[in-house]
Amino acid sequence: MSGIPEASGSVTEPGAHAMIPVVVSYASETTRHDAAFTRELRELAENASIFLRRAGLEARWVNAAAPDAGTRELVERAAGVIVLGGADVDPALYDATPDGTWMDSSDASADAFEAALMREAIARDMPLFTICRGTQLLNVVRGGTLVQDLGSGIHREPNDDMVTHAVAVHPDTRLAGVLGAGAHDVRSGHHQAIDRLGDGVVVSAVAPDGVVEAIELPDARWAIGVQWHPEEVASDPSQLRRLLADFARAAARPAAAIVTEAAETKTRTLVDEAV
């Protein structure tokens, strides 16, 4: 059985707005993950798929470990890119050596594909939304580094279950414009975190212990990464709903701008011809 959620909501009802095509990536099928981890990722993706459809986003699901198309082909047919969570990023990507046994779940193919996918999206200034591993990889793609193991703390229970903890969203950030500045409770389950920030990356939320919980690229049209899991079933549903709604608005703007520009050009032409 495929680890990609079944496509649905792709048929537009008469009179309804067209769905916005987006690429959604995570390593759904790989021998690097054990059965429990694969099942957890699948459940998170399935819940995310519900919110995507409600936001008017039609997902082109891609298995990052074995993609069936190249990154350029994928983004040419999409209006935005979303990278979900997964295994830890190989430290070789930020010139570090492994520090722990967690490397058993790392997948070099997924790392390479999603890094290329992000670079393609950034180069085209496409809306880019990342979650957990996706956010860590985004920082690495921009030249940053990661803390390989946070040790014990508030971000993950010993039995690997997700936990609820607070984050503080910084004012004057895109994330604050979406969720509101100040304290928010989030669902989290990670043992790695952002260390040195990459080029052009700014912090938009932190946990009480100072760990970075969200980043963004202020020079991009729309690029936000959250370290927590807004798609987790016990998470506050308003967080993912608001994030995807804002993402969708950004993804829909290019098409609207093209229509507006075409209409303005036609009007100017008619005026010129009448003079």
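Structure report, in brief.

Calculation notes
- Residues numbered from 1 in each chain as written.
- Predicted model: local features only at pLDDT ≥ 70, side-chain atom pairs only at ≥ 80, totals over all residues.
- Heavy atoms only, no water.
- Buried < 20%, exposed > 50% of the residue type's maximum accessible area, 1.4 Å probe, protein only.
- Helix = DSSP H or I, 4+ residues; strand = E, 2+ residues; numbered from the N terminus.
- Pairing = 2+ DSSP bridges.
- Salt bridge = Lys/Arg side-chain N within 4 Å of Asp/Glu carboxyl O.

1. A few points about helix H4 (residues 133–141)
The buried fraction of H4 amounts to 9 of the 9 residues, a majority that puts the element mostly inside the structure. Burial in H4 covers these residues: Arg-133, Gly-134, Thr-135, Gln-136, Leu-137, Leu-138, Asn-139, Val-140 and Val-141. Directly beyond the C-terminal end of H4, a positive phi value near 95° is found at Gly-143.

2. Quick look at the pairing of strand S10 (residues 212–216)
Of all 5 residues in S10, 5 are buried; the element is thus mostly enclosed. Summarising the sheet, strand S9 (residues 202–206) and S10 pair through 4 bridges and their orientation is antiparallel. Of the residues in S10, the one forming a bridge with Ala-205 is Ala-214. With antiparallel pairing between neighbouring strands as the criterion, S9 and S10 make up a hairpin whose turn holds 5 residues, including Gly-210 at a positive phi of roughly 90°. Once S10 ends, the chain turns through 6 residues before running back antiparallel as strand S11 (residues 223–226).

3. With respect to the pattern of salt bridges
As enumerated under the stated definition, the model contains 10 salt bridges in all. Where Asp-68 meets Arg-60, a salt bridge forms, and the shortest distance between an N and an O atom there is 3.2 Å. Given a relative accessible area of 34%, Arg-60 falls into the partly exposed group. Close ionic contact of Arg-124 with Glu-120 constitutes a salt bridge, the shortest N to O distance being 3.0 Å. On the basis of relative accessibility, which here comes to 16%, the residue Glu-120 falls in the buried class. It is possible to trace a salt-bridge network through shared partners that takes in Glu-76, Glu-120 and Arg-124.

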